[in-house]
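# Commentary on secondary and tertiary structure
The residues making up each chain are set out below.
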2 protein chains.
Amino acid sequence: MNASPDWLAEVTWNERGLLPAIAQDYRSGRVLMMAWMNSESLQQSVSGGYAVYWSRSRQALWKKGETSGNRQRIISVSLDCDGDTLLLQIEQEGGIACHTGRESCFFRQLDADNQWQSTEPVLRLPEDLYGVSDG
Amino acid sequence: MNASPDWLAEVTWNERGLLPAIAQDYRSGRVLMMAWMNSESLQQSVSGGYAVYWSRSRQALWKKGETSGNRQRIISVSLDCDGDTLLLQIEQEGGIACHTGRESCFFRQLDADNQWQSTEPVLRLPEDLYGVSDG
């Protein structure tokens with residue numbers, strides 16, 4: 001794999017070499033999560049067809065779903081006008097993107113009283129997704 | 001307005017006091033853009049009902065659509081599991097979110113030959129949106 005093919009040269013990375021990637025369910029249109037990619041994770045995502053992010057907390061490549069099985073098959077990759085944010089249309093295997101066991105990470109909505117209210121159920125318990133450890 | 005109401009205390013800001021906010025058309029489900037908010041812009045967005053971002057390039061509050069008229073009326077605000085990313089369901093006035101005059105900022109899609117291809121038309125020329133200056 002070429003270290004910096006033309007298409008990668010059009011991507012603008014932040015001062016840490018990362019950019020945000022939004023994962024959207026290609027069928028329902030639901031926004032499932034936002035995570036970060038570095039150049040290597042983006043290249044692996046594109047070449048392998050499944051989302052690979054960069055874990056800022058672990059400072060390591062994060063093959064989404066490697067433990068839980070909830071991989072994200074990439075349907076398309078789009079770049080925004082500034083070249084500094086990606087939008088992935090994905091098929092969410094297992095129907096769960098969030099480590100809390102919910103479909104989407106965006107499960108708290110601000111209500112009319114300005115309180116965050118959980119708006120969706122836990123589909124699978126995290127301990128079922130990950131065994132005894134988290135991640 | 002209280003400087004740090006409870007709901008704001010649950011938001012996790014990055015080292016610059018910002019977090020990413022994804023704007024999604026509440027009807028079509030299209031992801032239109034991603035921009036940044038600081039505490040003040042989020043409070044103004046929630047209290048005023050229209051998206052206010054923080055312009056990192058201008059280091060100033062950015063009332064989206066103030067010049068172009070393409071304001072974003074907020075339907076709902078959701079917070080992700082880590083509390084560090086927002087998803088806004090919005091009504092995009094004028095039907096154009098992107099400063100290039102397109103509906104969405106994510107108008108370049110990686111094709112099978114790994115080339116970024118523009119996937120949507122310019123609906124209004126930027127000079128019509130902004131007059132002679134950009135912004």
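Up top is the structure these notes are about.
First, a word on scope: everything that follows refers to the structure included in this document. These numbers come from a predicted model, not from an experiment.

### With respect to the sheet that holds strand S7 (residues 108-110) of chain B
The strand order S2(A)-S1(A)-S6(A)-S5(A)-S7(B)-S8(B) describes an open sheet built from six strands, whose pairing is mixed. Either end of the sheet is taken by a strand with one partner, and the two such strands are strand S2 (31-37) of chain A together with strand S8 (116-118) of chain B. For this sheet, the mean inter-axis angle between neighbouring strands, taken without regard to orientation, is 30°. Note: strand S5 (residues 72-79) of chain A against strand S6 (residues 86-92) of chain A, seven bridges, orientation antiparallel. Of the residues in S6 of chain A, the one forming a bridge with Ser 76 of chain A is Gln 89 of chain A.

### Remarks on the relation of the copies chain A and chain B
When chain A is fitted to chain B, the residual RMSD is 0.0 Å, and the transformation amounts to a turn of 180° plus an axial shift of 0.0 Å. Expressed as an axis order, the relation between the two copies is that of a two-fold axis. Considering only C-alpha atoms, the part of chain A nearest the rotation axis is Gly 29 of chain A, at 2.7 Å. Of the residues that chain A buries at the interface, 100% are likewise interface residues in chain B, meaning the two copies contact each other through the same surface.

Procedures and definitions
- Residues numbered from 1 in each chain as written.
- Chains lettered and ligands numbered in written order.
- Predicted model: local features only at pLDDT ≥ 70, side-chain atom pairs only at ≥ 80, totals over all residues.
- Pairing = 2+ DSSP bridges.
- Helix = DSSP H or I, 4+ residues; strand = E, 2+ residues; numbered from the N terminus.
- Axes fitted to C-alpha atoms, helices over the stretch in contact; angles between N-to-C directions.
- Least-squares fit on C-alpha atoms with pLDDT ≥ 70 in both.
- Contact = placed C-beta atoms within 7 Å.

From the geometry alone we can't say anything about function, so treat these as descriptive.
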